[in-house]
Amino acid sequence: MPYTLPSPPRSEEELMLRVRKLAGKTFAQLAADIDKEVPSDQRNAKGWLGQLVEAYLGATAGSRSVPDFESIGVELKTIPIDATGKPTESTFVCVTPMGEKAGVPWEDSPVYRKLKRVLWLPVQANVPMPERRIATGFLWTPNDEENRLLKADWDDLMGMVLTGRVDEISGHQGEVLQIRPKAANAAAETWGIGVDGGKVRTLPRGFYLRPAFTRAILHEHLMVRS
DNA sequence: ATCTGATCATAC
DNA sequence: GTATGATCAGAT
């Protein structure tokens, strides 16, 4: 029986019913279910996996700046994990604000809002796309400690952005949250803040969660090895 | 083996 | 260019 693409979930419970149906499936199976083709070269289809899962679960946000499941305020994050359950990649959160929004307090920050309620969906990494399996997804809200760590990094990093030192930021900074390039290529430019407080052209960047942080989240919620 | 900086696709 | 979805690949 073919799977019909669902309307947006009306509750977290409804969403998690769909998530449970995904557990254990391969992307070959999932793609066949909803009549899509697995791309032959994932170097040219980096976002395909996430977009397929969005369609399957009834996400509607597209490229708009709203949660994937807008009506229930849930953000979907697929996360690649190796055979031991460790994330193999960092997790993109949002673009680093460098305009008027750069100075907002943590509770009003795009990082805080994005991570307020997340559906984590681990996906097997390091195997060909058709064979990659989806694991058990779970809902997450940062606990007090996680929130404290995130806020500390936000404050530190945005302090540099606000004082015109964005070009001095490297991916080494930040305990759980880092700032790295997020652009079509290294020649891309956006407006940032200069040392004199004026506007300067600079490379667009984004906030990413370090793998060690997401690994801890997975271990809190799932039974995984090492 | 891990991490940072760079990159790919698509919609608007 | 900005937003969404991420992974690639060279450096360490």
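Refer to the structure printed above.
Anyway, here's the lowdown on the structure attached to this text. Computed from a prediction, not measured in an experiment: that's the story for all the values here.

**Considering the overall build of chain A**
No. 1: Looking only at helices and strands, chain A has six helices and eight strands in total.
No. 2: Taken from the N to the C terminus, the helices and strands of chain A come in the order α-α-α-β-β-α-β-β-α-β-β-β-β-α.
No. 3: On C-alpha atoms alone, chain A measures out to a radius of gyration of 18 Å, which is about the 17 Å that the 2.2 N^0.38 rule sets for 226 residues.
No. 4: Seen through its C-alpha atoms, chain A measures out along the principal axes to roughly 65 × 40 × 35 Å.
No. 5: A buried classification covers 42% of the 226 residues belonging to chain A.
No. 6: When the accessible surface of chain A is totalled, it reaches about 12,200 Å², and 51% of it is carbon and sulfur.
No. 7: Computing the positive centroid from 29 side-chain charges and the negative centroid from 29, chain A places the two 3 Å apart.

**A few points about the nonpolar core**
No. 1: Judged by nonpolar contacts, the single largest core of 32 residues is most densely connected at Val111, Leu177 and Phe207.
No. 2: Sorting elements by how many residues they give to this core places helix 5 (residues 144–162) first, with seven residues.
No. 3: Not counting residues up to four positions away in its chain, the partners in contact with Val111 are Val93, Cys94, Trp106, Trp154, Leu177 and Phe207.

**Details of helix 5**
No. 1: Counted at 1.5 Å a residue, the expected span for helix 5 with its 19 residues is 27 Å, and the 26 Å between its end C-alpha atoms agrees.
No. 2: Among the residues of helix 5, Glu146, Leu149, Leu150, Asp153, Trp154, Leu157, Met158, Met160 and Val161 are the ones counted as buried. Viewed end-on, helix 5 has its buried residues packed into an arc of 145 degrees, placing them on one side of the element. The exposed residues of helix 5 that point more than 90 degrees off its buried face are Asp144 and Asp156.
No. 3: The distance from a side-chain oxygen at the start of helix 5 to the backbone nitrogen of Glu145 is 3.1 Å, and the residue carrying that oxygen is Asn143.

**Digging into the protein's contact with DNA strand C**
No. 1: Lining the immediate surroundings of DNA strand C are 26 residues, of which Gln42, Asp68, Thr78, Lys182 and Thr190 lie closest.
No. 2: Considering the 4 Å shell around the protein, atoms of DNA strand C inside it are sugar or phosphate in 70% of instances.
No. 3: Contacts to DNA strand C include Lys182, whose side-chain N or O atom sits 2.6 Å from a base oxygen.
No. 4: For the surface near DNA strand C, the secondary-structure elements that each account for two or more residues are helix 3 (48–57) and strand 1 (75–81).
No. 5: No other element matches the four residues that strand 1 contributes to the surface near DNA strand C.
No. 6: Counted by class, the surface near DNA strand C contains three nonpolar, 10 polar and 13 charged residues.

**Some thoughts on the packing of helix 1 (residues 12–22) against helix 3**
No. 1: At a closest axis distance of 10 Å, the pairing of helix 1 and helix 3 adopts a crossing angle of 125 degrees. By the angle between their axes, helix 1 is oblique relative to helix 3. Here helix 1 and helix 3 pass one another in a crossing that is right-handed. Between helix 1 and helix 3, the contacting residues are Leu15, Arg18, Val19, Lys21 and Leu22 on the first element and Val53, Tyr56 and Leu57 on the second.
No. 2: Looking at the contact of helix 1 with helix 3, its residues break down into six nonpolar, no polar and two charged.

**Let's talk about the protein's contact with DNA strand B**
No. 1: Around DNA strand B, the surrounding shell holds 17 residues, and the nearest of these are Asn44, Lys86, Gly171, Ala183 and Ala186.
No. 2: Sugar and phosphate atoms represent 60% of those atoms of DNA strand B found within 4 Å of the protein.
No. 3: Note that a phosphate oxygen of DNA strand B is positioned 2.4 Å from one of the side-chain N or O atoms of Lys86.
No. 4: Taken together, the residues of the surface near DNA strand B sort by class into five nonpolar, six polar and six charged.

**Some words on the pattern of salt bridges**
No. 1: Scanning the entire structure with this criterion turns up 12 salt bridges.
No. 2: With its nearest N and O atoms 2.7 Å apart, the salt bridge here joins Arg117 to Glu12. Taken together, the residues Arg117 in the loop between helix 4 (110–115) and strand 3 (118–124) and Glu12 in helix 1 connect sequence positions 105 residues apart.
No. 3: Arg117 sits in the partly exposed class, given a relative accessible area of 25%.
No. 4: Glu12 sits in the partly exposed class, given a relative accessible area of 23%.

The rules we used
Residues numbered from 1 in each chain as written. Chains lettered and ligands numbered in written order. Predicted model: local features only at pLDDT ≥ 70, side-chain atom pairs only at ≥ 80, totals over all residues. Heavy atoms only, no water. Helix = DSSP H or I, 4+ residues; strand = E, 2+ residues; numbered from the N terminus. Rg over C-alpha atoms; globule rule 2.2 N^0.38 Å. Buried < 20%, exposed > 50% of the residue type's maximum accessible area, 1.4 Å probe, protein only. Areas by Shrake-Rupley, 256 points an atom, 1.4 Å probe, with all protein chains shown as cover. Lys, Arg positive; Asp, Glu negative; His and termini not counted. Charge placed at Lys NZ, Arg CZ, Asp CG, Glu CD. Core = buried A, V, L, I, M, F, W, Y, C linked by side-chain atoms within 4.5 Å. Contact = heavy atoms within 4.5 Å. Expected span 1.5 Å × (residues − 1). Arc of directions from axis to C-beta. Polar contact = N/O pair within 3.5 Å; in protein donor to acceptor, adjacent residues only side chain to side chain. Near = heavy atom within 4 Å. Nonpolar A, V, L, I, M, F, W, Y, C, P; charged D, E, K, R; others polar. Axes fitted to C-alpha atoms, helices over the stretch in contact; angles between N-to-C directions. Parallel < 35°, antiparallel > 145°, perpendicular 65-115°, else oblique. Left-handed = near helix turned anticlockwise from the far one by under 90°. Salt bridge = Lys/Arg side-chain N within 4 Å of Asp/Glu carboxyl O.

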